[in-house]
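Structural features, examined
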Protein chains: 2
Amino acid sequence: MAWSVGRICKGFLRLGLLSKQTQLIPVTSVSVGTVRTAVTLPSFLFPKPRDFSLPNSSWGLEMMRMYEHYNRQCEVETEGGQKQEGPWQKLPSYNRLLKYATGGVYLSEMIQSKARLFTRNIRNPGAAFEYVLFVNSEEQKCVCVLQAGHLLEGPPGHVHGGAIATMIDTVTGTHATILSGPVMTANLNINYRRPIPLGSTVLLESSLEKKEGRKTFITCRVTSTDGSKLHTETSALFLSISASHLLSGL
Amino acid sequence: MAWSVGRICKGFLRLGLLSKQTQLIPVTSVSVGTVRTAVTLPSFLFPKPRDFSLPNSSWGLEMMRMYEHYNRQCEVETEGGQKQEGPWQKLPSYNRLLKYATGGVYLSEMIQSKARLFTRNIRNPGAAFEYVLFVNSEEQKCVCVLQAGHLLEGPPGHVHGGAIATMIDTVTGTHATILSGPVMTANLNINYRRPIPLGSTVLLESSLEKKEGRKTFITCRVTSTDGSKLHTETSALFLSISASHLLSGL
């Protein structure tokens, strides 16, 4: 089993955007298996963490085009000329586990450690995973635009099957967390159809298939950005977890 | 699909140990989609590449213990006191795609590039994947001892599900390549049972289930080194590939 608790920690900022924050905080506090203390620090001592899913100089034209395609749908203008939330929401992405909450800064036990999230463990922009996630609550969909760097090689000139699985787990796990709260990955069934060339930009589309009790079934397709080439098809199963499940897993 | 051609390139050294080298060279030469030239260079100009699966200072006691357990079975002593090959063979592991062949050095088109294999893309010893593979031809098994570093984090304090999938794809793909020659990963069906704590050492055991025509079915279990804890169970399907399959995939 691969818990999605880490994603949940990152997810507080996302879920803040999605107004589910208060619902998830207590569960996740238990899930980390630690008693957290609320520490209020002046911002200059503890600046807001960097969002690694914003454009940088390594992003190619296709990555930028896809980012702008979804980003411009995060805020729309009414007939009266007023700005309001659009159908998509951009999810920030950090390189370590931490969360912020109203009234203070909550530190996970990992924040002081050297640990880094697997998908953000290389500092050199463009070398590994460059990606950004957007969620559409109404359509219960989540998309990820991925630019695969040269450090992700498996077959000559192509992305490692495990690197593809890593992004599928990240995107479907994030989506399941948003849909169902704290979950663990129970199964990933990945069909590899066509290799992904290093340096190319692809689209991951995660869709809710169904929810049955504790089970959340998600499907995910990885395609070329125009949808003409199918790279992988995945069915994923996530199980909602309670404090007892989390603690028993330790 | 995730080709295992990259593994095959690395595999020449393995397969040299397994005396299948000449059989695979022509197929792989096509698979890379390039015409290779044999370049004979003095060794001081082109030293043998580093094997990253040898012990280093980051290896913990359990990693060393498991390495020695299999390594001492790579060479056995006869009653007459002579040394001979044992049931297990250690497979070297590099951080880029290249192969050496008798009489010269063969360079892949990637060797001059910045590309690095996904599982060896971080130089800091112990920070990410520390692993070593051994193969048992008679039992048609392959094992991998993995020490998971702090840069592989998913859930707080535990290994990312994608990092686990990456090692499963690497080990089963390597095993399938040794058993069937050039293959591509067609399916990975991974059941996650129990999370893997960061810093811990686990054992991946890959077994041949069956071969049917172009299909090679492999199963893989990830357990604690004493086998008492099951972390994941996987069934994997690999398809043997020919030149036409490889070229049509581009």
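Residues numbered from 1 in each chain as written. Chains lettered and ligands numbered in written order. Predicted model: local features only at pLDDT ≥ 70, side-chain atom pairs only at ≥ 80, totals over all residues. Heavy atoms only, no water.

Taking an unreviewed UniProt entry as the reference, chain A is identified by name as Acyl-coenzyme A thioesterase THEM4 belonging to Eleginops maclovinus. Under Sequence similarities (unreviewed entry), UniProt gives the following word-for-word description of chain A: "Belongs to the THEM4/THEM5 thioesterase family." (UniProt positions renumbered as here; feature names shortened; annotations may be inferred.)

Where helix α4 (residues 161-180) of chain A meets helix α4 (residues 161-180) of chain B, the axes come as close as 8 Å, and the angle between the chain directions of the two elements is 155 degrees. When the axes of α4(A) and α4(B) are compared, the pair comes out roughly antiparallel. Between α4(A) and α4(B) lies a crossing of right-handed hand. Between α4(A), through A:Gly161, A:Gly162, A:Ala163, A:Ala165, A:Thr166 and A:Asp169, and α4(B), the contact on the second element is made entirely by B:Gly161, B:Gly162, B:Ala163, B:Ala165, B:Thr166 and B:Asp169. Of the residues in the contact of α4(A) with α4(B), the class split is 4 nonpolar, 6 polar and 2 charged. (Axes fitted to C-alpha atoms, helices over the stretch in contact; angles between N-to-C directions. Helix = DSSP H or I, 4+ residues; strand = E, 2+ residues; numbered from the N terminus. Parallel < 35°, antiparallel > 145°, perpendicular 65-115°, else oblique. Left-handed = near helix turned anticlockwise from the far one by under 90°. Contact = heavy atoms within 4.5 Å. Nonpolar A, V, L, I, M, F, W, Y, C, P; charged D, E, K, R; others polar.)

Right, let's talk about the UniProt feature "domain: Thioesterase" (unreviewed entry) in chain A for a bit. Taken from the UniProt record, the annotation "domain: Thioesterase" (unreviewed entry) applies to residues 157-229 of chain A. Secondary structure over residues 157-229 of chain A splits into 27% helix and 44% strand, and the C-alpha atoms at its two ends are 18 Å apart.

Residues and elements named next belong to chain B. All of the buried residues in helix α3 (residues 61-71) are Met-63, Met-66, Tyr-67 and Tyr-70. Taken around the axis of α3, the buried residues stretch over an arc of 100 degrees, which confines them to a single face. In this structure, the buried side of α3 is in contact with β5 (89-91), β8 (129-136), β9 (141-148) and β11 (201-212). (Buried < 20%, exposed > 50% of the residue type's maximum accessible area, 1.4 Å probe, protein only. Arc of directions from axis to C-beta.)

Right, let's get into the side chain of B:Thr119. Mapped onto the secondary structure, B:Thr119 falls in the loop between β7 (104-106) and β8. Under the relative-accessibility criterion, B:Thr119 is labelled buried at 5%. Within the structure, the side chain of B:Thr119 is placed 2.6 Å from the side chain of B:Tyr131, a separation counted as a polar contact. Ignoring sequence-local partners within four residues, the contact set of B:Thr119 consists of A:His160, B:Phe129, B:Tyr131, B:Thr166, B:Met167 and B:Thr170. (Polar contact = N/O pair within 3.5 Å; in protein donor to acceptor, adjacent residues only side chain to side chain.)

A few words now on the pairing of strand β12 (residues 215-224) of chain B. All names here are of chain B. By the criterion of burial, β12 is predominantly enclosed, with 7 of the 10 residues buried. Pairing between β11 and β12: 10 bridges, direction antiparallel. Residue pairing for β12: Leu-204 is matched across the bridge by Val-222. In this antiparallel pair of consecutive strands, β11 and β12, the connection spans 2 residues, and Gly-213 shows a positive phi of 60 degrees. The pairing of β12 with strand β13 (residues 230-240) spans 9 bridges and is antiparallel. Bridge assignment links Phe-217 to a residue of β13, and that residue is Leu-237. Between the antiparallel neighbours β12 and β13 lie 5 residues, among them Gly-227 with a positive phi of about 80 degrees. (Pairing = 2+ DSSP bridges.)

Our focus in this paragraph is the environment of B:Glu68. Along the polypeptide, B:Glu68 turns up in helix α3. Along the chain, B:Glu68 and B:Thr232 lie 164 residues apart, while their C-alpha atoms are 24 Å from each other.

A positive phi angle, close to 50 degrees, is found at A:Gln140, a residue other than glycine. When you line up the elements, A:Gln140 lands in the loop between β8 (129-136) and β9 (141-148).

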